[in-house]
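Understanding the architecture of this molecule
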Amino acid sequence: MVTFREAMPTDPTAAALLDQYFAARADGFPSGRAYRRPTVDAAQFAPPGGVFLLLEGENLAGEPADVGCGGIRTIPDGPLGSRREVKHVWVQPHARRIGAGRSLMLELERRARESGARELVLDTHDAQTAAGALYASLGFAPVEPFNDNPNATLWLGKPLAPAD
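Below is a short write-up of the structure. (Residues numbered from 1 in each chain as written. Predicted model: local features only at pLDDT ≥ 70, side-chain atom pairs only at ≥ 80, totals over all residues. Heavy atoms only, no water.)

1. Considering the nonpolar core
Quick reminder of the rule: Side-chain atoms within 4.5 Å link the members of a nonpolar core, which is a set of buried Ala, Val, Leu, Ile, Met, Phe, Trp, Tyr and Cys residues. Partly exposed describes any residue whose relative accessible area lies between the buried limit of under 20% and the exposed limit of over 50%, with all areas from a 1.4 Å probe on protein chains only and scaled to the type maximum. A run of H or I in DSSP becomes a helix once it reaches four residues, and a run of E becomes a strand once it reaches two; helices and strands are each numbered from the N terminus.
By size, the foremost hydrophobic cluster in this structure holds 19 residues, and its most contacted members are V86, M105, Y135 and F140. Of all elements in the fold, only β2 (50-58), β4 (81-91), α2 (100-114), β5 (119-124) and α3 (129-137) reach the threshold of two or more residues within this core. Among the elements that take part in this core, α2 stands out by supplying four residues, more than any other. Counting residues in hydrophobic clusters, the runner-up holds 13 residues, among them A14, L17, F52 and W90.

Written as structure tokens, this is what we have:
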């Protein structure tokens, strides 16, 4: 079972998970291209326009620990109206393939919907096949590029129905 805890990206635990995320992204980037580490603007993840979550699970010793992170932030409206962008979704390797990443994405989607977003978008790279498969299974489909992220090759979106 996983739970979520709100934190700012500058929180020491969040910063450590983001360092792991960026290092893994750089290591897995296609040869011949340099990964450009983005600057994380913590203010973009502050409520009410955004949120940054820590994924609480278990470490390798089976003890409670923060094993992942991810956030949403408000970006300019798109064709469906208000948009939130998913950023920096990371789950430590030992916590993958047990539904933790899916749970995190569903929680981010829930929070985006509750904040009034009509669309949830993200960018990724086609080399991230596992992430791409997760996003597709959650209903994300290609959309027009909405940013100029040099690390991205795919832009995906998902319409959101209003919160009940």
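2. Focus on the pattern of salt bridges
Quick note on the threshold: Think of a salt bridge as a Lys or Arg side-chain nitrogen and an Asp or Glu carboxyl oxygen that are within 4 Å of each other.
Tallied over the entire structure, the rule returns 12 salt bridges. E56 is paired through a salt bridge with R5; the nearest N and O atoms lie 3.1 Å apart. Here E56, found in strand β2, pairs with R5, found in strand β1 (residues 3-6); they are 51 residues apart in sequence, far enough to count as distant. Note on E56: relative accessible area 24%, which makes it partly exposed. In this structure, E6 engages R111 in a salt bridge whose closest nitrogen and oxygen atoms are separated by 2.6 Å. Residue E6 is found in strand β1, and its partner R111 is found in helix α2; the two are separated by 105 residues along the sequence. Via salt bridges that share partners, E6, E107, R110, R111 and E114 belong to a single interconnected network.

3. Some points on the packing of aromatic side chains
The condition that has to hold: Pairing of aromatic rings covers Phe, Tyr and Trp, the last through its six-membered ring, and needs centres within 6.5 Å; plane angles under 30 degrees mean stacked, over 60 mean edge-to-face, and all others mean tilted.
All told, the structure shown has four aromatic pairs when counted by the stated rule. Here Y135 and F140 contribute two aromatic rings whose centre-to-centre distance is 6.1 Å and whose plane-to-plane angle is 65°, an arrangement assigned as edge-to-face. Each of the two residues, Y135 as well as F140, counts as buried. Three or more aromatic residues link up through ring pairs in this structure, and these residues are Y21, F22 and W90.

4. A short note on the side chain of R84
What counts, and what does not: Only four residue types enter the tally: Lys and Arg on the positive side, Asp and Glu on the negative side; His and the chain ends are excluded.
By the element assignment, R84 lies in strand β4. Buried and without a salt bridge, R84 has D77 as its closest oppositely charged side chain, separated by 6.1 Å.

5. Some points on the sheet that holds β4
Let me state the cut-off plainly: Pairs of strands are assigned from DSSP output, requiring at least two bridges between the strands. Should any heavy atoms of two residues lie within 4.5 Å, those residues are considered in contact. Where helices are involved, their axes are fitted lines through C-alpha atoms of the stretch in contact, as for all axes, and angles between N-to-C directions lie from 0 to 180°.
A sheet is described by the order of its strands in space; here seven strands give the open sequence β1-β2-β3-β4-β5-β7-β6, paired in mixed fashion. Strands at the two margins of the open sheet, each flanked by one partner only, are β1 and β6 (141-142). Sheet topology places β5 next to strand β7 (residues 154-159); six bridges connect them, and they run antiparallel. Residue pairing for β7: L122 is matched across the bridge by L156. Most of the contacts of α2 go to β4, to which it runs at about 155°, and overall it touches β1, β2, β3 (64-78), β4, β5 and β7.

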